[in-house]
Structures are given as C-alpha cells and as structure tokens.
Amino acid sequence: MNQTVTVIGAGIVGISCALELQRRGYQVTQIDRRGPGEETSSGNAGLLSYSNITPLADPALLRRLHRLILNQDDDFLLHYPHLISLIPWLLRFVVRCKRKIYLRDGAAMNALTGASIEKHKLWIAQANAQGLLNQGGGLKLYRERETFLRDQLERELLTQCGVRHRLLDPQQVYELEPDLKHVFVQGVLIEDTVSIRNPEKLCKAYAQMYVDAGGQVRRATVRSLRRSADNWELNTDQGTEAASRIVVCMGAWTPEIIGPLGYSNPLAIERGYHTVFAPGQEARLSRPIFDVDASYVMAPMEMGLRVSTGSNLTYRETRPDPRQVERVLPRVREAFPIDENLLPEPWMGRRPTVPDTLPIIGAAPRHPNLWLAFAHSHMGLTMGPISGELIANCISGTEQPFAINACDPARYL
Ligand SMILES: Cc1cc2nc3c(=O)[nH]c(=O)nc-3n(C[C@H](O)[C@H](O)[C@H](O)COP(=O)(O)OP(=O)(O)OC[C@H]3O[C@@H](n4cnc5c(N)ncnc54)[C@H](O)[C@@H]3O)c2cc1C
C-alpha cells in the first residue's frame, strides 16, 4: 500500500504532523519555503498555556466594544481600512460572545491543550530538550481590581476544566517574583501552564527527531495544488510533483493554497509583535507574566526577556505597525527593571484566527486525500503536538482520543 504523505508547512503544526505520521509508519516529505519553525512558530511568547483556553469571544468584550473599535485599549489595534472586509468575520465573532458558548468552546480548547502539553513533555524528553522547558507556571497580573473582576468568567472556565490555579494577593505575588515592582493588586498563578525558553529551538529539536528517523524536509515555495486523476499535483517554485496525500499546515498562508480549490477564507489575521530586553540590575523573572491592564506578556527566554503584544487586526501583508510595542514599553518599565532593548526592530508574526478561536483540523470537506491543520490563533505552539496526533488519526482511520467536531473544517469551509 502506498504510505506516502506530503506535509506543506514546517511551523510547529506541520512539524508535529510530520513527526506523528512518521511514527505511524508513513513515509513523509515536508515542504516549506523557510527552515523549520522560522515563521510564526519562532517568535511567540513561548507559553504552553491553560490561560489561553479562553475563547476570544468573551461576553465581557461586548461591554468594551466601543473602546476596542476606537483603538483605546492596548490589547487590540484595529487597522481601519481593513474594517469593511472584516465585517462578516466580526459578526460571526460577536454572536459567539455568550456565556454558554464561551464555556463550551473553552472546554474544547482545554481538551486540546491538556493532551497537547502532555505530548510536548514526552517529545521534549525524547528530543533531549529539557533545558528549554520552564515548569514554573504562568502568572496573570492585575493592576486594577475592576479588570480582575471582569475576568471572573475566565476563572470559572479554569475551575470547570480542572485547571490548577491559585489567586494571589500582592504580597504572595512579590514573594513569587521579588523583582517585580509594586504596581499589582492581584495575581493568578496558573500552575499547570509551562513555557518554552526558545520556541524556534523547540521546533528545530522536533524537526531533528523527524529527520534523524529518515524524514525529509525540502525547501520550496508551494504555489498551487491541483487534483489530477487519483493524485494531487503540487506546483512549486522548484517544479511540479505528484503526491498521494497532502496535509496543509501553512498557518496564516493556508487560504492562498486552498482558496483556488473553492474554500473561502475563514481567517482574521491578528498580527502580534515582540521585542527583547536584557533584564536590568541583575533582576530575575522566573516565569512568564501577563500584565493584563498593560496588555503585554513578558517571558524569560534564552535570548532575554521577550515582551509580546496583543492583537493588531489587519491585512496579513501590510507593513508593520509598531504602535502597540511603543505603547507598552513604558508600562513594562513600571512593572520590572529592564535594561537595553536587544532587537533593532520589533519582530512581527501573524495569528490566523476563526470566530470560535478553535483550530481547523481534519479532512478537507470536498476533496479526497487532503487534510488541513491551521487557524491555531494564540495557541499554535501549545496545540502543535495534538494537531499532529489528530491528523495522523484521521489519515490512518484511528479512533480519536476525544470528540473533535469542535475543530471540524466544515464549520467554516
Ligand atoms: C506575538 C505572538 C505571541 C504568541 N504567543 C503564543 C504562545 O505563547 N503560546 C502559543 O501556543 N501560541 C502563541 N502564539 C501563536 C503561535 O505562534 C501560532 O499559533 C503558531 O506558531 C502557528 O503555527 P503554524 O505551524 O500553524 O504556523 P507557522 O509557524 O506560521 O508555519 C506556517 C509555515 O508555512 C510556511 N509557508 C507559508 N506559505 C508557504 C508556501 N507558499 N510554500 C511553502 N511553505 C509556506 C511558512 O514558511 C511557515 O513555516 C503567538 C503568536 C504571536 C504572533
């Protein structure tokens, strides 16, 4: 039996699919225009995170919708020329801002997250990459009591899902992170969250396991896919080739390839930025913090303190808009002693997101031997390994570990 599979995209999702399929006995070829993990999967905040099981369509968001539309809150920057084309997406998003839907989608996110973090831990051990893993949890910090109360539903979701988390008063926060400045009134330690000290290195470590076991990674830009007789034809900048089974894991670029097959684009692109600081005065941060009122995540990494921003809703390819980075920097200095900025320009990445925030994982609705794994939004680093497992189960006809209809491609394609 022909056991070949071609995986397009070598971000964390594509790498995980390739590795898992190879371990099920498939002969896998992976294609990417860049090296493994060098696009969005390199520059994220490194959290394998339970605090992100919260769907973006939060009922509390509706109460500040006017502020978001007027670009008054730093967690969100809307590029106005993009608004008209975003309206259908936004309407589907806004109708989901209901408690019942939020808790249901959050439970589905939690199932994916829990299974994926367990698999990460296994792969990290197998890749001998334990040095990249920080098991100190994730710390959510509030400057305003009002914001803490606003996030009540999120804590209800964590409790409902059995995610271990602890409320901390300011003294407990500063005992845990003594170098933080005293600007916080409340903390929540998500004990089950872990983090990665260098996400690109992690991707490359997983890709190396796949290569060491005989897997191929080829560098090429895929231009289109075409069905011919019983096969797929892949048109790349290196020529045309045949493939029997294809898994598309191209993150924000997936619509470019599946659009011409008749699938409409379901994505909004939330761009995000990061910069990196040297810690000041020998200050030490033991775990990532999310400064909720100031809208940034600061994570201790191998390269320094990586500060990541919220969502910049705009076209995928317009030029970078560093306003969110500029706005959060003074707030970072209020919270932690930082020294020089180690990046000449902020890094920019693209989070591809559908209105329910859940990824798209499974068989393409109208084409045989074509599978999709994309739209991982804020959670792709976390959900890479489980995406690989679910796709391998789909292809091999193995029963899924839990119901995955929440990720069904047909809900948007
Ligand atoms: C600022 C920021 C912070 C984040 N923080 C976190 C976090 O803390 N935790 C978390 O879990 N997630 C986080 N994320 C999200 C996470 O980074 C993404 O969800 C994840 O990287 C998506 O992985 P992917 O493999 O789907 O996409 P990508 O990593 O973008 O991979 C897609 C691949 O497709 C390739 N490709 C595209 N077009 C073509 C083509 N035509 N031919 C060949 N190859 C092509 C690209 O080169 C790329 O390698 C964050 C994202 C951002 C932007």
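Rules and cut-offs
- Residues numbered from 1 in each chain as written.
- Predicted model: local features only at pLDDT ≥ 70, side-chain atom pairs only at ≥ 80, totals over all residues.
- Helix = DSSP H or I, 4+ residues; strand = E, 2+ residues; numbered from the N terminus.
- Rg over C-alpha atoms; globule rule 2.2 N^0.38 Å.
- Buried ≥ 20, exposed ≤ 12 C-beta atoms within 10 Å, placed from the backbone.
- Contact = placed C-beta atoms within 7 Å.
- Pairing = 2+ DSSP bridges.
- Axes fitted to C-alpha atoms, helices over the stretch in contact; angles between N-to-C directions.
- Near = placed C-beta within 6 Å.
- Nonpolar A, V, L, I, M, F, W, Y, C, P; charged D, E, K, R; others polar.
- Core = buried A, V, L, I, M, F, W, Y, C linked by C-beta atoms within 7 Å.
- Expected span 1.5 Å × (residues − 1).
- Parallel < 35°, antiparallel > 145°, perpendicular 65-115°, else oblique.
- Left-handed = near helix turned anticlockwise from the far one by under 90°.

Caption draft 1: A look at the overall build of the protein chain. Helices and strands together make up the secondary structure of the protein chain, namely twelve helices and 23 strands. For 413 residues, the compact-globule estimate of 2.2 N^0.38 gives 22 Å, and the C-alpha radius of gyration of the protein chain, at 21 Å, lies within 12% of that figure. Seen along its three principal axes, the alpha-carbon backbone of the protein chain occupies a region of about 65 × 45 × 40 Å. Looking at the protein chain as a whole, 49% of its 413 residues are labelled buried. Look at the contacts in the protein chain between residues 6 or more apart in sequence, and 78% of them connect residues 24 or more apart.

Caption draft 2: Layout of the sheet that holds strand 11 (residues 222-228). If you trace the three strands from one edge of the open sheet to the other, you get 11-12-13, paired in antiparallel fashion. Sheet topology places strand 11 and strand 13 (239-243) at the edges, where each strand pairs with a single neighbour. Strand-to-strand twist in this sheet, taken as the mean axis angle between neighbours without regard to direction, amounts to 25°. Bridge count between strand 12 (residues 231-236) and strand 13: five bridges; the pairing is antiparallel. Following the sheet pairing, Trp232 is matched in strand 13 by Ala243.

Caption draft 3: Just unusual backbone geometry, in detail. One non-glycine residue, Ala229, lies in the positive phi region at around 50°. Even without a glycine there, the phi angle at Ser377 is positive, about 50°. Its location among the elements puts Ser377 in the loop between strand 23 (370-374) and helix 12 (380-396).

Caption draft 4: How the structure looks around the site of the ligand. Near the ligand you find 37 residues, and of these Gly11, Gly251, Gly272, Gly349 and Gly380 are the closest. Going through the elements one at a time, helix 1 (12-23), strand 2 (27-32), strand 15 (268-279), strand 21 (347-353) and helix 12 are the ones with two or more residues in the shell around the ligand. A per-class count over the shell around the ligand returns 14 nonpolar, 18 polar and five charged.

Caption draft 5: Representation of the sheet that holds strand 22 (residues 360-363). Taken in spatial order, the six strands line up as 10-2-1-14-23-22 in an open sheet, and their pairing is mixed. Each edge of the open sheet carries a strand with a single partner, namely strand 10 (216-219) and strand 22. For this sheet, the mean angle separating the axes of adjacent strands, direction not counted, is 20°. Note: strand 2 against strand 10, four bridges, orientation parallel. Paired with Gln30 across the bridge in strand 10 is Val217. Packed onto the sheet, helix 1 meets strand 1 (4-8), strand 2, strand 14 (246-248) and strand 23 and runs at close to 165° relative to strand 2.

Caption draft 6: Geometry of the nonpolar core. In this structure, Val247, Val248, Cys249 and Ala373 are the most contacted members of the largest nonpolar core, which totals 105 residues. Once you skip the residues sitting within four places of it in the chain, Cys249 turns out to touch Val7, Ile8, Gly9, Gly11, Val13, Gly14, Cys17, Ala373 and Phe374.

Caption draft 7: Local environment of helix 5 (residues 99-126). Counted at 1.5 Å a residue, the expected span for helix 5 with its 28 residues is 40 Å, and the 40 Å between its end C-alpha atoms agrees. Every buried residue belonging to helix 5 is among Tyr102, Asp105, Gly106, Ala108, Met109, Leu112, Thr113, Ser116, Ile117, His120, Trp123 and Ile124, and all of these are buried. Positioned one or two residues after helix 5, Asn128 has a phi angle of 55°, which is positive.

Caption draft 8: View of the packing of helix 5 against helix 7 (residues 152-160). Close contact between helix 5 and helix 7 brings their axes to 10 Å; oriented N to C, the two are set at 45°. Overall, the two elements helix 5 and helix 7 adopt an arrangement that is oblique. Note that helix 5 runs across helix 7; the crossing there is right-handed. For the pair helix 5 and helix 7, contact is made by Arg99, Tyr102, Leu103, Gly106 and Ala107 and by Leu153, Leu157 and Gln160, respectively.

Caption draft 9: Looking closely at the environment of Ala18. Turning to its location among the elements, Ala18 is positioned in helix 1. Overall, the presence of 33 C-beta atoms within 10 Å leaves Ala18 in the buried class. A C-alpha to C-alpha distance of 42 Å links Ala18 and Thr147, two positions 129 residues apart in sequence. When neighbours within four sequence positions are excluded, Ala18 is seen to be in contact with Val7, Val28, Gln30, Tyr210 and Gly215.

Caption draft 10: Spatial organisation of the environment of Asn235. Within the secondary structure layout, Asn235 lies in strand 12. In sequence terms Asn235 and Asp105 are 130 residues apart; their C-alpha atoms lie 37 Å from each other. Apart from residues lying up to four places away in sequence, Asn235 is in contact with Arg223, Ser224, Arg226 and Thr240.

Caption draft 11: Quick look at the environment of Thr240. Tracing the backbone through its elements, the reader meets Thr240 in strand 13. Note on Thr240: 12 C-beta atoms within 10 Å, which makes it exposed. Each C-alpha atom, one on Thr240 and one on Ser224, is 9.6 Å from the other, the two residues being 16 residues apart in sequence. Setting aside anything within four residues of it in sequence, one finds Thr240 in contact with Glu233, Leu234 and Asn235.

Caption draft 12: Up close: the pairing of strand 17 (residues 296-301). Burial runs high along strand 17: six of the six residues are buried. A two-sided burial pattern is seen for strand 17, the buried positions comprising Tyr296, Met298 and Pro300 on one face and Val297, Ala299 and Met301 on the other. Judged from the three bridges that link them, strand 16 (residues 289-291) and strand 17 form a sheet pairing that is antiparallel. Residue pairing in the sheet places Ile289 in a bridge with Met298 of strand 17. What sits between the antiparallel neighbours strand 16 and strand 17 is a turn of four residues, in which Ser295 has the positive phi angle 65°.

Caption draft 13: Highlighting helix 9 (residues 199-212). Over its 14 residues, helix 9 extends 20 Å from the first C-alpha to the last, a length consistent with the 20 Å expected when each residue adds 1.5 Å. Listed in full, the buried residues belonging to helix 9 are Pro199, Glu200, Leu202, Cys203, Lys204, Ala205, Tyr206, Ala207 and Tyr210. Next to the buried residues of helix 9 lie helix 1, helix 5, strand 9 (194-196), strand 10 and helix 12. The first or second residue beyond helix 9 is Gly214, which carries a positive phi of 100°.

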